[in-house]
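Residue-level structure breakdown
If you want the building blocks of each chain, they are given just below.
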Amino acid sequence: MGFESGGERCTGWLYRPDRPSDPPVVVMAGGIAGERSFGLPAYAERLAEAGYAVFLFDYRNHGDSEGEPRNLLSPSRQRTDWEAAIAGVRERDGLDTRRLVLWGTDLGGGHVLDVAADDARVKAVVAQTPVLSGRSLLTTNGYGYLAKGVLAGVRDKLQSLVAGPHTVSVTGDPGESALLSTPGARAGYLDLVPHASEWNNETPARSLLSLATYSAGDEAEAITCPVLFIAAERDDVVSADAVEKKAESVSDATFVRLPAGHFDLYEGAAFEQAVGHGIAFADGTLDRR
């Protein structure tokens, strides 16, 4: 299943449950420079087993979707992709789009808060380890690291005018110019990449500039539907305390703090807890709405 966003084609997988014939639908996407195959199919499969249709999609410049340069991170474009994906789902037959749930992880967890604030027809939101402040993420390793990232981004913008992009790693070791370089981020992120994937661990350095100015959930008080916030206690990418504070600004919020790290929520016990909380929340919300 595909849809158009900003004049380019985005692609995704539509999971359908065995029953009912007109299931509620979850729209799902992931995080920083990731593809839909990075840990998310397990969530989609479990949701389908629970009776939900799931549309899991790739942002522009990522995965099978169109857009150059590859792995370019642009939060504003990704928010547009979310809105286009939702519009495409609402046009399809055989789905009960009146019962629409948004489920975003990592950067996608921030996007779903912003989208829901502007779309009163959304019935429920799951924001899983949401990136709420790109600046906070990038300054985890100090302001010197942020300054290096800004310089790399400026170089990329200038270089791309006459040649190819200047790239940095998507994920690297602490101190490296990368979008994610907190301790353990490199191993945790790369463990999610399927063995057969052709994904490259690089992104145009201007992505650092976009991330540095990114802020999500600034209009959270405008969200009219219930929101489940899932945080990880040992998360060194996204502060669990920051997620809890954001939850306090939503009128109908449920906050869950799991004893796990940021990348632990894609397998094992932490995955079971996260997907279990999400399905129970969606079931309970849709039953009363």
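The rules behind these values
The residue numbers shown here count from 1 along each chain, following its written sequence. In keeping with the predicted nature of the model, local features appear solely for residues at pLDDT of at least 70, side-chain atom pairs appear and are counted solely at 80 or more, and the whole-chain, interface and lining totals rest on all residues. Think of the side-chain values as coming from all heavy atoms in the structure, minus any hydrogens and water. Every helix listed is a DSSP run of H or I at least four residues long, and every strand listed is a run of E at least two residues long, numbered separately from the N terminus. Under the scheme applied here, a residue whose accessible area is under 20% of the maximum for its type counts as buried, over 50% as exposed, and between as partly exposed, the area being computed with a 1.4 Å probe on protein chains only. Contact between two residues is taken to exist if any of their heavy atoms lie within 4.5 Å; hydrogens are not considered. All accessibility values rest on the Shrake-Rupley procedure with a 1.4 Å probe; residue burial counts only the protein chains present in the view. Charge counting follows a simple rule: Lys and Arg are positive, Asp and Glu are negative, and His as well as the terminal groups are ignored. In plain terms, the charge of a residue is placed at NZ if it is Lys, CZ if Arg, CG if Asp and CD if Glu. Residues enter patches when they are more than 30% accessible in relative terms and free of salt bridges; like-charged ones are connected within 9 Å and nonpolar ones (Val, Leu, Ile, Met, Phe, Trp, Tyr) within 5 Å. Each reported salt bridge corresponds to a side-chain nitrogen of Lys or Arg within 4 Å of a carboxyl oxygen of Asp or Glu. Strands pair, by our definition, only if DSSP identifies at least two bridges between them. To get an axis, a line is fitted to the C-alpha atoms, and for a helix only the part in contact is used. The angle between two axes follows their N-to-C directions and goes from 0 to 180 degrees.

A word on the overall build of the chain. Looking only at helices and strands, the chain has nine helices and eleven strands in total. If one aligns the C-alpha atoms of the chain with their principal axes, the spans along those axes are about 50 × 40 × 35 Å. For the chain, the proportion of its 289 residues judged to be buried stands at 57%. Contacts in the chain between residues far apart in sequence, at least 24 positions, make up 74% of those at least 6 positions apart. Summed over its atoms, the accessible surface of the chain is roughly 11,900 Å², and 47% of this surface lies on carbon and sulfur atoms. Distance between charge centroids for the chain: 3 Å, based on 27 positive and 41 negative side chains.

Turning our eyes to something else, we now look at a nonpolar patch on the surface. On the surface, a nonpolar cluster with roughly 510 Å² of combined accessible area is contributed by Val150, Val154, Leu158, Leu161 and Val162. Tracing the backbone through its elements, the reader meets leucine 161 in the loop between helix 5 (143-159) and strand 7 (167-171).

Here we take up the sheet that holds strand 4 (residues 53-57). One key point about sheets: their strands pair by backbone hydrogen bonds, in either a parallel or an antiparallel sense. With respect to topology, eight strands assemble into an open sheet ordered 1-2-4-3-5-6-10-11, the strand pairing being mixed. Looking along the sheet, the strands with just one partner apiece sit at the ends: strand 1 (2-5) and strand 11 (253-258). The sheet shows a mean angle of 20 degrees between the axes of neighbouring strands, direction not considered. Relative to strand 10 (residues 227-232), strand 6 (residues 124-128) runs parallel, the two being bridged by four bridges. Among the inter-strand pairings, valine 126 is bridged to a residue of strand 10, identified as leucine 228. On the sheet, helix 2 (residues 75-90) packs against strand 1, strand 2 (8-15), strand 3 (24-29), strand 4 and strand 5 (96-105) and is oriented at approximately 155 degrees with respect to strand 5.

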